[in-house]
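Here is how the chains run, residue by residue.
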Amino acid sequence: MNKHLEQLVKLSKFDKEIVGFDPQIKTQNDKLNVFLKTVDELGGKINKISLEIEDAKSKRMKNDIHLKDLAEKLKEINAKYDIVKNEKEAKALQLEEEIAKEQVAFANNEIVRLDGIVTSKESALDELKNELATEESDVEELRIAISKNIEELEVKREVVYKEKSELVEKIDGKILSFYEKIKRWAGNTAVVELKNQACYGCHMKLTNRAYSDFLVTEEIFTCPHCGRIVYKSLTEVAE
Ligand SMILES: [Zn+2]
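Residues numbered from 1 in each chain as written. Predicted model: local features only at pLDDT ≥ 70, side-chain atom pairs only at ≥ 80, totals over all residues. Heavy atoms only, no water.

**Looking at the overall build of the protein chain**
- If you tally the helices and strands in the protein chain, you get five helices and four strands.
- Secondary structure elements in the protein chain, listed N-terminal to C-terminal, are α-α-α-β-β-α-β-β-α.
- Computed over the C-alpha atoms, the radius of gyration of the protein chain is 41 Å, more than 25% above the 18 Å expected from 2.2 N^0.38 for a compact globule of 239 residues.
- In terms of overall dimensions, the protein chain has C-alpha extents of about 130 × 35 × 35 Å along its principal axes.
- Put simply, 72% of the contacts in the protein chain that link residues at least 6 apart link residues at least 24 apart. (Helix = DSSP H or I, 4+ residues; strand = E, 2+ residues; numbered from the N terminus. Rg over C-alpha atoms; globule rule 2.2 N^0.38 Å. Contact = heavy atoms within 4.5 Å.)

Structure follows, in structure tokens:
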């Protein structure tokens with residue numbers, strides 16, 4: 001293979017590798033984010049349920065206060081029985097007592113209901129807190145593993161950068177700028193294989209004439225359809 005072409009094949013391989021690191025790093029971060037999202041969601045659920053518990057407790061407290069008021073009221077009513085003057089007043093007092101007793105019964109039922117809510121929500125809260133603790137320790141483990149993976153990827157990327165810059169220094173300036181120009185629009189496919197008489201950049205078949213030119217040339221050859229630099233497929237040569 002032409003020496004310049006050989007360099008460009010290598011260079012393009014390095015460029016492709018370098019670009020390939022970003023998605024690999026992103027995959028690592030995405031993995032962590034999935035777990036962080038779960039932690040967030042658990043945190044949200046814990047907040048919500050804590051507020052619901054507080055709300056039920058404050059309602060229970062109101063009922064307690066109400067019960068004390070009602071007890072006072074019943075005491076007053078009882079005291080009034082001693083001083084009723086006639087049946088009409090006695091009946092009115094009776095009615096007042098009945099209403100107050102109904103209110104007591106209602107408040108007691110509410111307290112039982114609210115206590116039930118608090119109990120069940122508190123046990124749900126405990127479960128969520130346990131879940132969160134487990135999840136947080138998993139996340140911590142994962143974070144350590146992931147930052148190690150990312151570090152390794154960055155080291156590998158540095159190696160490729162270094163190899164690339166060493167190679168770039170050796171490449172003829174004109175050849176390099178020719179490659180860069182194609183790379184500007186072709187990206188990672190500036191240098192591609194030519195296999196089965198087709199360019200692996202644009203997937204168009206070369207005419208027989210162009211193909212025989214390609215086979216004999218010692219120069220850098222570009223695809224007549226797209227302009228990418230093409231080289232003989234190594235696997236095809238081996239066949
Ligand atoms: Zn092409």
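**Side note on the pairing of strand β1 (residues 191-195)**
- With four bridges joining them, β1 and strand β4 (residues 229-232) adopt parallel strand pairing. The residue bridging V191 from the neighbouring strand is I229, located in β4.
- Of the pairings in the sheet, the one linking β1 to strand β2 (residues 198-199) comprises two bridges and is antiparallel in character. In the strand pairing of β2, L194 is matched with C199.
- The loop that links β1 with its antiparallel partner β2 comprises two residues; one of these, N196, has a positive phi angle of about 50 degrees. (Pairing = 2+ DSSP bridges.)

**With respect to the domain arrangement of the protein chain**
- We note that the domain assignment places domain 1 (18-171) and domain 2 (175-238) within the protein chain.
- Of note, the centres of domain 1 and domain 2, computed from C-alpha atoms alone, are 63 Å apart. (Domains from an automatic or database assignment.)

**Quick look at the nonpolar core**
- Membership of the largest hydrophobic core comes to 37 residues, with the highest contact counts inside it found for L8, L11, I171, Y179, A190, V191 and I229.
- With 15 residues, helix α1 (residues 3-81) is the largest single contributor of residues to this core.
- Taken domain by domain, this core gets at least three of its residues from each of domain 1 (18-171) and domain 2 (175-238).
- Residues within four places of A190 in sequence aside, it is in contact with Y179, I182, K183, R228 and I229.
- Grouped together as the second largest cluster of nonpolar side chains are ten residues, L206, A210, Y211 and F221 included. (Core = buried A, V, L, I, M, F, W, Y, C linked by side-chain atoms within 4.5 Å. Buried < 20%, exposed > 50% of the residue type's maximum accessible area, 1.4 Å probe, protein only.)

**Comments concerning the packing of aromatic side chains**
- Enumeration according to the criterion identifies two aromatic pairs in this entry.
- Note on Y211 and F214: the rings are 6.1 Å apart at their centroids and 25 degrees apart in plane angle, and the pair reads as stacked. One end of the pair is Y211 and the other is F214, both in helix α4 (residues 208-216) and three residues apart, which spans about a single turn. Taken as a pair, Y211 and F214 share a single burial class, namely buried.
- Summarising the aromatic geometry, the rings of F214 and F221 are spaced 5.3 Å apart at their centres and angled 65 degrees between planes, so their arrangement reads as edge-to-face. Both residues of the pair, F214 and F221, belong to the buried class. (Phe/Tyr/Trp six-rings, centres within 6.5 Å; stacked < 30°, edge-to-face > 60°.)

**Re the environment of L176**
- Examined against the element boundaries, L176 turns out to sit in helix α3 (residues 173-186).
- The spatial distance from the C-alpha of L176 to the C-alpha of H66 is 88 Å, given a sequence separation of 110 residues.
- In contact with L176, not counting residues within four places along its chain, are L11, V168 and I171.

**Some words on the pairing of β4**
- Where strand β3 (residues 221-222) and β4 come together, two bridges link them in antiparallel fashion. Bridged to T222 within β4 is I229.

**Brief notes about the coordination of the zinc ion**
- Around the zinc ion, the donor atoms from the protein are C199 (SG), C202 (SG), C223 (SG) and C226 (SG), and they sit 2.2 to 2.4 Å away.
- Coordination at the zinc ion comes from four donor atoms whose angles at the metal span 105 to 115 degrees, giving a geometry best classed as tetrahedral. (Donors = N, O, S within 2.8 Å, 3.2 Å for Na, K, Ca; no water. Tetrahedral: all angles 85-135°; square planar, octahedral: opposite > 155°, others 65-115°.)

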